[in-house]
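Below are the chains, spelled out letter by letter.
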Amino acid sequence: MPTRGVSGCTDPCPVVPHRANEINEVPFFDIQLPYELALKIFQYLGKAELGRCAQVSRTWKILAEDEVLWYRLCQQEGYLSDTSISDRSCWKLVLRSCRARERALKTNWKNRIGAVSQLQYELGKILCDVHSWDGVVIAGYTSGEVRLWDTRTWDYTAPILEPAHGPGDAGPRPRVSCVRISSSLAVAAHEDGTVSVWSLMLGREPIHHYQHNQSVQALALGAAGATVATASSFEVKVNFLNLVPDVTGSPVTIAAAEDIVYLLKAQVPGKVLHSVYGQPITCLDVSAHEAAFGVKNFGWLLNEPNQILLYDLETSQCLKKMGNSIGDFTCVNLQNSPPNMLVSGNKDRRVRVFDLRRSESLCSVYAHQLGVSAVQMDDWKIVSGGEEGLVCVWDQRMGTKLWEMHARHPVRHIWFNSHSLITANIPDEKSPRGGSITDDDLTAHRKARWDPWKEAGGSFSCSNCTDSPSAEGFLYSASEASNFDPLWQSLTLLVSPVEIYN
């Protein structure tokens, strides 16, 4: 008999059905199996098979609706992975609810359904760099200010992270060159070489402060732990710096300086991963075991067009060469792509998806007229940003555009998950129109946060910068809580020996 809760409602899924019904053996054709052994066998079945088994007999129905089986299915499909089996009373209904929510979110993504609100920022503050982590956005400005925006809530108060105070700090602060954020830390580097680290749990005062002899060219922050890597130099220009995720022991960093890619470990001499004279590195991304980067060919070797190279970080060997494009690869996303997949953007205006097992392009879409500047994908969609300020959402399997949104400046940052999308448009101009209070308010800092799935019971928001003060009719299916319309990007990149703090 089904159990009855305190409120008097009948629960169709008993918490421990085999104990409540005192079933110790389960008939399997002409034999009787212990309940635990039968449960082991049923763990190999999927949802459809369990539903069919539940129609065989009363005993099989109780077995097929065991909480252990449905909890295991939830974990396998990635739902509520941080919960235990005792946290819910009916995992079959939980799985059904999670799948319904996922379908609603996917529908809203495809149809651009959501809710949008705008964030205004005061004039004269020019955006320099943006980064995000799990819906929390960090932004650095020419005024030296560093702000946090939490897009997971409807509270748009953006706290200003306080700088490290020292003697002689009375003048204006230097502009921010790089910002990074993780689950627990926020880091900002300024043009005078200062690096400040804040804890997201301890308040707005920095917990660490470093000083370089010259400006910081590149900055990286570990996703977990407390590892910060910086690079600065007068002699070379470090274009890219990435910390390898999920590394035990000493942190590992991949740095690209002009036409050389380095593999660096803390307190260990650097190792050259790739070097071809006259073929500069145009983009870089790393995963736990591999590094992917674009290589530009100047035409000296006519048989080798611009390509993306995939290196194994354990063996330092080149695994794949992909692309063969006449345009430069401007962005690549390996870490956030599905397993054995890679997505890249190119100056030839195309977004390409590669299968790393076959080195083949699975999908190629004509995306942006001025070249692709940022890109990310999941198992069914692609979100790309272009130099012209256009953000496009694509159906990866069909190769068709679902919808687009436009801002006036190049898209430099894209991040999304199942229910939210964050983009940042950072202009290239040095001084904005509207930077003075006497100018028209045409370059106000606008951030639009948008919730696309109210029917699904969650918040789906998209932060996009629109030139129109009214966002009616603009329904974005991403929780993009940070998009900066006329803010400014002017990074001065300089690099020295790469320093890693752990």
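In case you missed it, the structure is sitting above this.
A quick note: this is a predicted structure, and the numbers were derived from the prediction, not measured.

About the thresholds
- Residues numbered from 1 in each chain as written.
- Predicted model: local features only at pLDDT ≥ 70, side-chain atom pairs only at ≥ 80, totals over all residues.
- Heavy atoms only, no water.
- Helix = DSSP H or I, 4+ residues; strand = E, 2+ residues; numbered from the N terminus.
- Buried < 20%, exposed > 50% of the residue type's maximum accessible area, 1.4 Å probe, protein only.
- Phe/Tyr/Trp six-rings, centres within 6.5 Å; stacked < 30°, edge-to-face > 60°.
- Lys NZ or Arg CZ within 6 Å of the ring centre and 35° of its normal.
- Pairing = 2+ DSSP bridges.
- Axes fitted to C-alpha atoms, helices over the stretch in contact; angles between N-to-C directions.
- Contact = heavy atoms within 4.5 Å.

**Student:** Explain the environment of Leu185 to me, please; I cannot follow it from the model alone.
**Tutor:** Its location among the elements puts Leu185 in strand β8 (residues 185-190). Residue class for Leu185 comes out buried when judged on its relative accessible area of 8%. In sequence terms Leu185 and Ala224 are 39 residues apart; their C-alpha atoms lie 9.3 Å from each other.

**Student:** How should I be thinking about the packing of aromatic side chains in this particular structure?
**Tutor:** In this description, an aromatic ring pair is defined by two values, namely the gap between the centres and the angle between the planes. Per the stated rule, a full pass over the model turns up five aromatic pairs. With centroids separated by 4.9 Å and ring planes inclined at 70 degrees, the aromatic side chains of Tyr71 and Trp91 adopt a geometry described as edge-to-face. Residue Tyr71 is located in helix α5 (residues 67-76), and its partner Trp91 is located in helix α6 (residues 91-111); the two are separated by 20 residues in the primary sequence. The residues Tyr71 and Trp91 share a single accessibility class, namely buried. For the pair Trp109 and Phe416, a centre-to-centre distance of 5.8 Å together with 65 degrees between the ring planes defines the contact as edge-to-face. Here Trp109 is found in helix α6, whereas its partner Phe416 is found in strand β29 (residues 411-416), with 307 residues between them in sequence. Taken as a pair, Trp109 and Phe416 share a single burial class, namely buried. Taken together through their ring pairs, the aromatic side chains of Trp109, Trp403 and Phe416 make up a single cluster. The ring of Trp380 has Lys106 sitting right over it, with the charged end atom 5.1 Å from the ring centre. Over the ring of Trp109 we find Lys381; its NZ or CZ atom is 4.4 Å from the centre of that ring.

**Student:** Which parts of the structure should I look at to understand the sheet that holds strand β28 (residues 400-406)?
**Tutor:** Spatially, four strands are ordered β25-β26-β27-β28 in an open sheet, and the strand pairing comes out antiparallel. Two strands in the sheet have a free side with no partner beyond their single neighbour: β25 (372-377) and β28. Neighbour to neighbour, the strand axes of the sheet diverge by 20 degrees on average, direction disregarded. Two strands pair when backbone bridges link them, and β25 and strand β26 (residues 381-386) are joined in this way by five bridges, in the antiparallel orientation. Note on β26: the bridge partner recorded for Met377 is Ile382.

**Student:** Quick question: what am I supposed to make of the environment of Arg204 here?
**Tutor:** Along the chain, Arg204 turns up in the loop between β9 (194-199) and β10 (208-211). Each C-alpha atom, one on Arg204 and one on Leu161, is 4.7 Å from the other, the two residues being 43 residues apart in sequence. In contact with Arg204, other than residues within four places in its own chain, are Pro159, Ile160, Leu161, Glu162 and Trp198.

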